[in-house]
Amino acid sequence: MGWQSDDGRHEGWCATVFPDGRVSSGSRSGGALVATVGPDGRVGHADDVLDGRTAVGWRGHCDCGWQGPLWERVAIAGQASTTDRKVWTPGLDQYGDAPTEVEDAVWSEWETHLEPKSIIAIREATQAVRDAQARLDAAVRVAMEERRSWTEIGKAAGMKRQSAHERWGGRFSG
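Predicted model, so just to flag it, every value in this text is computed and none were measured.

A. Focus on the overall build of the protein. When its secondary structure is counted, the protein shows four helices and eight strands. Reading the secondary structure of the protein in the N-to-C direction produces β-β-β-β-β-β-β-β-α-α-α-α. Taking 16 Å as the expected radius of gyration for a compact globule of 174 residues, we find that the protein reaches 25 Å, considerably beyond that expectation. For the protein, the spread of C-alpha atoms along the principal axes amounts to about 75 × 40 × 25 Å. Out of the 174 residues belonging to the protein, those deemed buried represent 32%. Across the protein, the fraction of contacts at a sequence separation of at least 24, relative to all contacts at a separation of at least 6, is 47%. On the protein, roughly 10800 Å² of surface is accessible, and the fraction owed to carbon and sulfur atoms is 50%. For the protein, the distance from the average position of its 21 positive side-chain charges to the average position of its 26 negative side-chain charges is 11 Å.

Have a look at this one:
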């Protein structure tokens, strides 16, 4: 299964990775069509068919040359860890397709590469500000429950008493 960016400039897929470093670029009866990955990250033309049961893992690839991190196939269920990208899947078929949850995670990684790093940084910073604002509001709510003065609250927030009252007075009173 492949993915296409909205602007049509990127086509990606969850590639099966084999011990010799080749990756899948499709399938054929009998197994996975495999190709080598060039130094620029681009996948060459399929030149062989391998049994998917010999796969060592999966990673995202894009025709632009982007490659995601390896989701390593492990031999023991106890070694599996989504955080560490270690996957236990006992029964691969001849095509070596990734489990659905791995393919979904690889798609998320691929989708992230479509955006410039500056835009990703803005999104992450905006979320951090929202999270910090929620923590600040919760702390002010607790201070008000403790009957702290607007002078104390304002000083702790780095503002004057009146500014603190204007900011939070109407939100948490009543």
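B. Highlighting the pairing of strand β4 (residues 31-35). Across the five residues of β4, five count as buried, placing the element largely inside the fold. Connecting the antiparallel pair strand β3 (residues 23-28) and β4 is a turn made up of two residues, with Gly30 showing a positive phi of about 105°. Pairing between β4 and strand β5 (residues 48-50): three bridges, direction antiparallel. For Val34, the partnering residue across the bridge sits in β5 and is Asp48.

C. Structural context of helix α3 (residues 150-157). Those residues of α3 not exposed but buried are Trp150, Ile153 and Gly154. Down the axis of α3, the smallest arc covering the buried residues is 95°, so these residues share one side. Away from its buried face by more than 90 degrees, α3 exposes Lys155 and Ala156. Where α3 is buried, its residues touch α2 (117-145) and α4 (161-172).

D. Spotlight on the packing of α2 against α4. For the pair α2 and α4, the least separation of the axes is 11 Å and the interaxial angle reads 70°. Classed by the angle they form, the pair α2 and α4 counts as roughly perpendicular. Within the contact between the two elements, α2 uses Gln133, Leu136, Asp137, Val140, Arg141 and Met144 and α4 uses Arg167, Trp168, Arg171 and Phe172. Looking at the contact of α2 with α4 residue by residue, the classes come out as five nonpolar, one polar and four charged.

E. Expanded view of the state of the cysteines. Scanning all chains against the criterion turns up zero disulfides. The thiol sulfur of Cys14 is not disulfide-bonded, and the nearest other cysteine sulfur, from Cys62, lies at 13 Å. Of all cysteine sulfurs in the structure, the one in Cys64 sits closest to Cys62, which takes part in no disulfide; the separation is 3.6 Å. On the accessibility criterion, Cys62 (2% relative accessible area) is buried.

F. Main features of the packing of α3 against α4. Close contact between α3 and α4 brings their axes to 8 Å; oriented N to C, the two are set at 95°. Judged on the interaxial angle alone, α4 and α3 are roughly perpendicular. Contacts between α3 and α4 pair Trp150, Thr151, Ile153, Gly154 and Ala157 from the former with Arg161, Ala164, His165, Trp168 and Gly169 from the latter. Each residue belonging to the contact of α3 with α4 can be placed in one class, and the counts come to five nonpolar, four polar and one charged.

G. Spotlight on the nonpolar core. Within the largest apolar cluster, 17 residues are counted, with the highest numbers of intra-cluster contacts made by Cys14, Phe18, Trp58, Val102 and Val106. Of all the elements in the fold, those that place two or more residues in this core are β4, β6 (57-62) and α1 (100-113). Among the elements that make up this core, the one with the highest residue count is α1 (three residues). Once residues within four sequence positions are removed from consideration, Phe18 is found in contact with Ser24, Ala32, Val34, Leu50, Asp51, Gly52, Thr54, Ala55 and Val56. In terms of nonpolar packing, the next biggest core, distinct from the first, is built from seven residues, Ala143, Ile153, Ala164 and Phe172 among them.

What counts and how
- Numbering of residues starts from 1 in each chain and follows the order in which that chain's sequence is written.
- Where totals are concerned, whole chains, interfaces and linings use all residues; where local detail is concerned, this predicted model gives features only for residues with pLDDT of at least 70, and gives and counts side-chain atom pairs only at 80 or more.
- Side-chain calculation: all heavy atoms of the structure are included, whereas hydrogens and water are not.
- In DSSP terms, a helix is any run of H or I states spanning at least four residues, a strand is any run of E spanning at least two, and both are numbered starting from the N terminus.
- We take the radius of gyration over the C-alpha atoms and set the globule estimate at 2.2 Å times the residue count to the 0.38 power.
- Throughout this description, buried means an accessible area under 20% of the type-specific maximum (1.4 Å probe, protein chains only), exposed means over 50%, and partly exposed covers the range between.
- Here, two residues are considered to be in contact whenever any of their heavy atoms come within 4.5 Å of each other.
- Residue exposure ignores everything except the shown protein chains as possible cover, and the areas themselves are Shrake-Rupley values with a 1.4 Å probe.
- Only four residue types enter the charge count, namely Lys and Arg as positive and Asp and Glu as negative; His and the chain termini do not.
- For the purpose of locating charges, the reference atoms are NZ of Lys, CZ of Arg, CG of Asp and CD of Glu.
- For two strands to count as paired, DSSP must find a minimum of two bridges between them.
- Taken from the helix axis, the directions to the C-beta atoms give the arc we talk about.
- Structural elements are reduced to axes, namely lines fitted to C-alpha atoms, with helices fitted over the stretch in contact, and the angle between N-to-C directions of any two is expressed from 0 to 180 degrees.
- When describing relative orientation, an angle under 35 degrees is termed roughly parallel and one over 145 degrees roughly antiparallel, while 65 to 115 degrees is termed roughly perpendicular and anything else oblique.
- Polar here means any residue other than Ala, Val, Leu, Ile, Met, Phe, Trp, Tyr, Cys and Pro, which are nonpolar, and Asp, Glu, Lys and Arg, which are charged; Gly is therefore polar.
- For this text, the term disulfide refers to a pair of cysteine sulfurs within 2.5 Å.
- Buried residues of nine kinds, namely Ala, Val, Leu, Ile, Met, Phe, Trp, Tyr and Cys, make up a nonpolar core once their side-chain atoms join them within 4.5 Å.

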